[in-house]
Structure formats: structure tokens, C-alpha cells
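Listed below, chain by chain, are the residues.
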Amino acid sequence: MSAGTLPVRTRVAVAATRAVNALSRHAGAGSGTVAGGNVGLALDPLLLERLAAGRPMALVSGTNGKTTTTRLLAVAIEGALGRAATNATGSNMPAGHVTALAATPQGAPAVLEVDEGYLPRLVASLGPRVVVLLNLSRDQLDRTSEVRMVANKWRRALSVSPATATVVNADDPLVAWAASGAASPVWVGAGLSWREDAVGCPSCEGRITFAAGEDGGWACACGFSRPRLGVRIEGDDVVLADGRRLRVALALPGRFNRANAVMAAAAAVVMGAGWEDAIRRIGEVDEVAGRFAVVGVAGCAARVMLAKNPAGWRELLDLVCPGERPVVVGINARVADGRDPSWLWDVPFERLRGRTVVATGERRRDLAVRLHYAGVPHRTVRDEVAAVRAAWMAGRGTTAAGARARCARSPHLAASVEGEVDFIGNYTAFTDLMARATRTGT
Amino acid sequence: MSLEIVVVHPDLLGTYGDGGNGVVLAQRARWRGIGAELVDATSGEPLPTGDLYCLGGGEDAAQTASAERLRDEGALERAVGRGAVVLAVCAGYQILGRSFTGADGRARSGVGLLDVRTVKGAGRRAVGELLAEPADDRLPLLTGFENHGGLTIRGPDAAPLAQVAAGVGNGDGTEGAVLGRVIGTYLHGPALARNPALADLLLSWATGRRLEPLDDVEEAALREERISAVRERRARHRVRHRVRYELGSS
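Residues numbered from 1 in each chain as written. Chains lettered and ligands numbered in written order. Predicted model: local features only at pLDDT ≥ 70, side-chain atom pairs only at ≥ 80, totals over all residues. Heavy atoms only, no water.

The next thing to look at is the interface of chain B and chain A. Facing the 32 residues of chain B at the interface are 25 residues of chain A. In this assembly, chain B packs against chain A so that about 2700 Å² is buried in total across both faces, 51% of it on carbon and sulfur atoms. When residues of chain B are sorted by the area they lose upon contact with chain A, B:Glu59, B:Phe145 and B:Glu218 head the list and together hold 22% of the total. Our count for the chain B to chain A interface comes out at 4 salt bridges. Taking the shortest distance from any N to any O, the salt bridge between A:Arg207 and B:Asp11 comes out at 2.2 Å. Summed over the shared surface of chain B and chain A, the number is 9 residue pairs in polar contact (both at pLDDT 80 or more). Listing elements by their share of the side of chain B that touches chain A, those giving two or more residues are helix H1 (20–30), helix H2 (60–73), strand E8 (126–134), strand E9 (142–148), helix H5 (191–194) and helix H7 (217–236) of chain B. Take the side of chain B that touches chain A: its biggest share by element is 6 residues, from H7(B). The class makeup of the residues in the side of chain B that touches chain A is 11 nonpolar, 11 polar and 10 charged. (Contact = heavy atoms within 4.5 Å. Buried area = accessible area lost by both parts, 1.4 Å probe. Salt bridge = Lys/Arg side-chain N within 4 Å of Asp/Glu carboxyl O. Polar contact = N/O pair within 3.5 Å; in protein donor to acceptor, adjacent residues only side chain to side chain. Helix = DSSP H or I, 4+ residues; strand = E, 2+ residues; numbered from the N terminus. Nonpolar A, V, L, I, M, F, W, Y, C, P; charged D, E, K, R; others polar.)

Spelled out as C-alpha cells, the structure:
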């Protein structure tokens with residue numbers, strides 16, 4: 001922990017950051033990532049810039065996949081650059097960044113998840129080596145700006161940062177636009193399953209036409225089109241510009257995690273890692289901040305997943321359907337979730353027809369009405385843990401025989417069959433359940 | 001009979017889940033044995049002929065693009081002339097007016113089906129729960145979530161849809177506008193999921209018949225919860241003026 005080269009004021013701020021976070025954790029007030037950072041920033045307004053100085057740094061932003069990609073990138077560069085400072089719990093504003101940096105030696109590499117709105121400012125003030133731009137789609141419309149406005153702000157910041165490389169999802173026209181003035185972009189064909197926010201051309205306000213199929217590219221009549229890909233995903237492989245083909249074997253499920261993994265690996269390579277080493281390390285990660293973990297809830301095993309907006313929900317419904325496990329859906333609408341759950345109507349819940357479904361969370365009634373019109377029979381249960389229990393009880397007949405005995409006897413055994421209930425929650429519904437769940441081990 | 005329900009420009013006006021209004025109308029018709037077809041009419045294609053049209057909320061640039069397309073095409077005005085029913089929400093509501101403010105701050109011409117014009121509000125965006133007492137006393141309280149920066153000024157030919165009980169609405173104490181079978185409103189939620197009686201009013205206009213009631217247990221529970229949430233917040237904030245509440249009687 002050498003902070004010796006920093007000014008006294010900064011050293012005091014670092015010490016205060018660590019102390020307040022430790023206190024906050026002991027007091028059980030939270031995960032101890034925001035309070036300390038705020039105190040540190042109050043003592044030294046330039047704390048973040050000073051802690052960032054001299055570090056090889058990557059920033060990761062976008063609507064979906066930030067936390068996962070940040071974690072995968074931190075893991076991917078560990079062999080080449082050593083252990084990175086990283087905001088692993090998703091505290092993605094400056095207080096969280098200060099906490100992450102203050103916890104590591106000065107000069108250690110840093111991989112920071114960044115809120116979309118803060119990205120332009122941090123690109124300018126921190127001068128990162130690489131910025132990873134994942135995707136942009138509607139999210140928390142009651143408090144964040146329109147996605148087009150975000151893309152324009154990113155574009156302005158990146159076009160005046162010649163020392164910052166970008167790794168960009170070329171399949172998303174909005175982020176491709178954001179990176180169109182950036183220095184040395186690496187264009188990755190990372191896919192885009194939610195196109196509803198991308199049809200308006202960001203360059204001319206005309207219409208973007210997407211070619212049929214998953215990997216067909218896109219173009220507008222004005223000439224703005226998908227850039228030539230430097231990195232492509234083909235089935236289980238990643239194909240590089242020089243023709244090299246590498247197998248991507250992941251412990252994490254889903255198409256979207258494959259995309260996150262390839263984006264992370266491409267950024268790790270920009271930072272100095274080798275492709276093979278990066279992909280091998282990424283492949284070993286089997287959960288990210290609890291997401292996709294199998295946890296014990298009221299005596300049975302639940303696979304827990306987080307989806308925050310229509311794009312994320314669509315990906316997770318692809319993952320859980322088809323299937324036969326009961327599904328618990330938890331919806332809250334606190335400030336961190338966005339206070340307007342109208343987006344529930346953008347999610348194809350019709351796909352859950354035929355499953356045992358339980359609606360829970362503070363806005364379970366909005367969800368219940370949505371499910372009603374989707375033709376999905378369901379129950380509503382106020383308490384999340386009780387909801388998981390109810391789903392498991394109701395689904396006993398349809399899941400594998402002996403499920404109940406397995407769950408009751410040994411959560412570890414239940415975990416080995418991948419959980420008996422799928423729980424998908426939005427942000428605070430997910431974190432509330434996790435706070436009450438027990439890890440069943442891996 | 002079979003109803004043709006057209007969701008207008010979901011690629012431009014689909015930002016706030018308002019596409020759900022079409023789903024609610026179609027399902028409530030089907031549950032009564034009335035055939036219903038739901039058509040997503042994207043902006044690149046000609047607007048199809050329909051019995052009911054739904055327009056949703058959208059971002060500024062998309063709103064301008066949609067308004068230009070509808071104005072040039074003229075198909076929506078012709079449909080209304082034939083007696084079609086229209087529900088327009090937020091940006092869609094503003095589009096149906098005489099003018100609204102574009103992303104660049106310039107006034108843009110609307111479709112002109114409602115005698116309203118919308119200007120940029122001076123203060124903060126109106127974001128939050130909206131509760132309104134409908135002018136049509138056959139309808140119960142209207143509940144929804146508003147999120148807009150516009151101030152909508154009604155002309156002499158635009159009757160308000162409702163009086164605001166909590167929230168902002170048009171900005172002058174009224175909410176939405178009605179002319180014949182065209183309704184404009186700031187209610188997201190989507191509006192018809194949270195106000196099934198309004199959905200049934202639109203369906204009865206479109207079918208020309210009285211509709212038997214449905215068993216709206218889930219909708220009633222949601223309405224009660226949202227109306228109570230607004231009431232509790234107002235009580236906490238010690239707002240003086242009284243509001244009539246009506247819990248779940250839809």
C-alpha cells in the first residue's frame with residue numbers, strides 16, 4: 001500500500017476513504033464502497049485524478065453488461081499486468097471509483113465500471129488507456145437522459161482523446177456512432193438483440209436498416225454503416241482480423257456473456273495481455289457479483305439472475321426459455337431501478353406461458369397485470385423469499401423427481417443440478433434477495 | 001366483427017412501454033369474443049387501415065420524424081374522418097396537436113387532430129405519478145406515470161380529458177384532451193393497463209356496442225396500490241388541498 005508519492009492532503013483522503021468504508025462494512029450499513037469515497041472526495045476534490053495517475057486504466061460503460069465485462073476484464077489482465085483495482089460491486093460513480101483505487105497500491109492497473117452519464121467526464125480527466133463501449137438502450141427513463149444524447153456526449157469526449165483506444169460493439173449503431181471520432185477503435189461484432197432504440201440513424205436522423213439474421217450488419221442511406229469488424233464471434237469461436245480462430249469456453253451462460261467475454265478479451269489485448277491467456281482466464285469465471293450463482297433460499301436452490309431493462313430481460317428470457325423450472329420474477333421501482341416500470345410492457349413475458357410463474361417485489365402488481373395480458377397464469381407473493389418457496393412448492397411436480405428431498409437434505413446437491421427455481425429480478429429486487437440468501441457453495 | 005388495432009410507429013414512438021396499450025385493447029376485445037388483430041405499423045411503411053390507433057411516447061428526434069411522416073401521409077386524418085378511434089400518449093399526444101417543440105427548440109407542425117399546441121416548459125421535466133379526475137363521469141380516476149418537459153395549451157375546440165389531482169398533466173391543472181373519438185394524454189403505465197375502463201370506452205366507441213364487464217381483479221389491485229401510493233406521498237408532504245380518491249372501482 002504505497003501511497004508515498006501522493007500529496008499529504010491526498011494521503012489523508014485515502015486513509016479516510018478506507019477507514020469510513022471499513023466502518024460502514026462493520027456497521028452493516030452497506031457494502032462499504034460509497035460512503036468512504038464521498039468522504040475522500042470531500043477532503044480532496046482531485047482524489048480520483050491523483051489516485052488514477054500512472055495506472056494502466058480501462059473504463060467499461062454501456063447499458064447492459066458493465067459489471068460482468070468489468071470483472072472479466074480485470075481477470076483477463078491479471079496475468080499480464082497483475083491484480084487490478086476494480087469496482088466489483090457495481091458502484092460505478094466517482095465515489096465507488098475512489099474506493100476501488102484507494103484499496104490498491106498506487107500504480108496497480110485499474111478496470112473501472114462507469115455509469116454512462118459519467119463516462120465523458122472521466123475519459124477527459126483520467127485519460128484511460130482503453131474504453132469499452134458495450135451498448136446503449138432505454139434504461140431508467142425517469143432519471144437518465146435519452147440514449148441518443150448519451151451517445152453524442154460520448155462521441156464529443158472520445159473525439160478529443162487521442163491517447164485513449166476504444167473497444168466498441170460495432171453491432172450497436174449508437175455506440176458505433178459514439179466511437180466514430182475516436183482514436184484506433186477495435187470494432188467487435190458483439191451482437192444486438194434489442195434494436196428498438198437503434199433504428200433512428202444517429203448521424204442523419206434517417207432510418208437504420210438491419211440485415212436479416214444475427215450477424216447481418218446495418219446501414220443507413222446517408223452512408224453511416226457498421227464498421228468493418230476487427231473481431232467477430234462465430235458460434236463458440238472468436239475470429240480475429242488476422243484470421244486466427246480461438247475457442248471461447250465459458251462457465252457463464254448465455255449469448256450476451258459470450259459477447260461480454262469477447263469485448264473484455266479485446267480490451268485486455270489492448271492493455272497488453274495475449275488473446276489466449278485472456279480468454280482462458282475469462283473462461284474460469286462462473287459468477288459475477290452473485291449473478292448466475294445458485295443460492296439457498298428458504299431451503300431450496302435458486303439460480304439468481306439480474307435484468308434491469310428490456311434488452312437485459314430479453315437476453316435472460318432467452319436463457320431460461322425453454323425450460324421447466326418454476327420462474328420467480330421480482331420487480332421493484334426504487335430510485336436505483338427507475339421509478340416507472342412501464343418498460344415491463346417492452347418485455348416479451350409471453351414466453352413464460354406454460355411455466356409456473358410467481359410475481360414478487362414491491363411492484364408485483366404491475367407485473368401481475370402484465371402477465372395477465374401476456375396470458376401467463378401466475379401467483380403474486382409479497383415476500384421474495386416466500387415467493388421462491390411458493391414457486392418451488394408449486395413446481396415440484398414438474399421438476400425432476402425427488403427435487404424436494406434433494407433440496408431439503410443438501411443445498412450442495414441441489415446446486416449440482418443447477419438449482420430448482422430460476423429467479424430473475426431487477427436491481428434492488430435482486431440485491432434484496434441476495435442479502436437474504438445463503439451461498440450453497442460451488 | 002374483427003377489430004384492427006394499429007400501433008403507430010413503434011420504432012419511433014415506443015420508448016415508454018406504450019405499445020402495451022395495443023395489447024390491452026386486443027386482449028380485452030378477445031376476452032369478450034370479439035376478434036382483434038394487432039398491427040405494428042413501423043414508420044417505413046404506409047399506415048394501414050384500422051379501427052383503433054395507438055401512439056406512444058418517444059424521444060425528440062423520433063417525435064419529429066413520426067409527425068412529418070404522419071402529416072405527409074394524411075392516412076391518420078382520413079381514418080379519423082371515417083370514425084376511427086385514436087389514443088395518443090405523451091409525444092404521440094403532442095404530435096396530434098397543431099404544433100410542438102422539436103429537439104432544436106423550433107416549433108414543428110403537428111397532425112392537427114387535436115386543438116392543442118405544446119411548448120417547452122420553463123421548469124423541470126414533469127416526472128412522477130399522475131392522478132386525474134376524468135371529465136367523463138362514467139370513468140373512474142385516471143392513474144399513470146408522466147415523464148415530459150412539454151406544456152400543452154388547449155384551444156377552444158379541445159376539451160380536457162381530466163382535471164389533475166396529483167402531478168402536472170397539461171400544466172394548467174387539466175390533463176389530456178379529447179375531440180370526438182380522439183384522446184390525447186400524458187399517462188404512461190401504459191395508460192390502458194392502469195385504466196381498463198378507459199380501454200373499454202375506446203373499445204365501445206370502436207365496436208358501437210355496450211361491453212360486458214370483465215373480471216379485473218389484477219387491474220383493481222394495481223389501481224388501488226398506485227392511487228394509495230400517491231395519497232400517502234401527498235399526506236407525507238402535507239399538501240393541503242383535498243383530493244377525491246377512488247380506490248379500485250373500475
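There's more to say after this.
Residue and element names in this part refer to chain A. Along its sequence, chain A is organised into domain 1 (51–283) and domain 2 (294–439). Placing the centre of domain 1 and that of domain 2 at their C-alpha centroids yields a distance of 29 Å. On the domain 2 side, the residues contacting the 16 residues of domain 1 number 17 residues. Note on domain 1 versus domain 2: buried area summed over both sides is about 1400 Å², and carbon and sulfur give 50% of it. Across the contact surface, domain 1 and domain 2 share 1 salt bridge. (Domains from an automatic or database assignment.)

Residues and elements named next belong to chain A. If you walk through the whole model with that rule in mind, you get 8 aromatic pairs over all chains. One aromatic cluster is present, built from ring pairs that chain together Trp177, Trp218 and Phe224. Seen from the ring of Trp177, Arg155 lies directly overhead, with NZ or CZ sitting 3.9 Å from the centre. We note Arg370 situated over the ring of Trp345; from NZ or CZ to the ring centre the distance is 5.0 Å. (Phe/Tyr/Trp six-rings, centres within 6.5 Å; stacked < 30°, edge-to-face > 60°. Lys NZ or Arg CZ within 6 Å of the ring centre and 35° of its normal.)

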